[in-house]
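What the coordinates show
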Amino acid sequence: MQRNKLNLDIKNCRLCYSKILLKKGDFLSLGNSPSRSQNLAKDKKVSKKQLVELKLYKCNSCGLVQLLNKHSEYYKSSIRSSIITNNRKKEINSMLSYIKKKFPKSKNIIEIGAGRGEYLNLSSKFFSKVIGFEFDNNLIKNKITKQKLIKFYPDGVNKILKNKKFDGIYCLNFLEHAINVNQFFKNILSILKPGGFLFIEVPNFKHMYKNKIFYDFTIEHLSYFDDKTLTNLFYLNDIKIIK
């Protein structure tokens, strides 16, 4: 495929910024995909108009699999279920327990992309002050936690924070929504104290590919990480990985 025959919405890799030059095998089209994960029309005629062709591309330089599509209008909102299963609670508690042991002095913690605060109640059992950052007003208005939710998205200087920094940051299944993952990552690091912790969780592309989980390829998920590409993101920003 020649690039001039494609209507590309991005020109550079979302991770390493290298110019997108399509070669055979680098581009995959997933047609008839929903243009949004929620509020799809029930009417068949209208719903057909809500379909989109997802264009998957693997960067020739860093290997990141990503969408060439334009982002959704609500990419700053945390789209996830407000119901936490028992298995998921165990996963989160195990993660928080490990972090607390490694960083016992951490007190002031934030979650990026906190939704309605589903995980903040769990976090508050391990850390004395937990705050959620969420951009969606409706999610904040309908929060299900007693912990504080602040309207914030790390896309540049934010007057609300006033140069405040935090002991630790965690971001669960939200990084892949960012238009520019490296810049998003840098903006998160700018509010982290020296020596603080950062925990990132993203969908596993290798698991998706191996098990043919095509429903996880959505317009909201702009980037698809594996161990290598997520590690590259940390190394690009000089962050030590402990686990």
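Preceding this paragraph is the structure being described.
Attention in this report is confined to the structure presented alongside it.

How each quantity is defined
Residues numbered from 1 in each chain as written. Predicted model: local features only at pLDDT ≥ 70, side-chain atom pairs only at ≥ 80, totals over all residues. Heavy atoms only, no water. Disulfide = S-S within 2.5 Å. Buried < 20%, exposed > 50% of the residue type's maximum accessible area, 1.4 Å probe, protein only. Salt bridge = Lys/Arg side-chain N within 4 Å of Asp/Glu carboxyl O. Helix = DSSP H or I, 4+ residues; strand = E, 2+ residues; numbered from the N terminus. Arc of directions from axis to C-beta. Contact = heavy atoms within 4.5 Å. Polar contact = N/O pair within 3.5 Å; in protein donor to acceptor, adjacent residues only side chain to side chain.

This part is about the state of the cysteines. Enumeration over the complete set of coordinates arrives at zero disulfides. Unpaired in this structure, Cys 13 has its nearest cysteine sulfur neighbour in Cys 62, at a distance of 3.6 Å. Given a relative accessible area of 2%, Cys 13 falls into the buried group. Sulfur of Cys 59: no disulfide; nearest cysteine sulfur belongs to Cys 16 and is 3.7 Å away. A relative accessible area of 4% places Cys 59 in the buried class.

For the structure shown, the criterion picks out six salt bridges. Among the ionic pairs, Arg 80 bridges to Glu 111, the shortest N-O distance being 3.2 Å. One end of the pair, Arg 80, is in the loop between strand 3 (65–67) and helix 2 (86–102); the other, Glu 111, is in strand 4 (residues 108–112), with 31 residues separating them in the sequence. Taking relative accessible area as the criterion, Glu 111 reaches 0% and is therefore assigned buried.

Another point: helix 7 (residues 227–236). Of all the positions in helix 7, only Thr 229, Leu 230, Leu 233 and Phe 234 are classed as buried. Projected down its long axis, helix 7 shows its buried positions confined to an angular sector of 145°, all on one face. Seen from the buried face of helix 7, the exposed residues on the opposite side, beyond 90 degrees, are Asp 227, Lys 228 and Tyr 235. The elements touched by buried residues of helix 7 are helix 5 (181–189), strand 8 (192–201) and strand 9 (223–224). Two to three positions downstream of the cap, the backbone nitrogen of Lys 228 sits 3.1 Å from a side-chain oxygen, assigning the N-cap of helix 7 to Asp 226.

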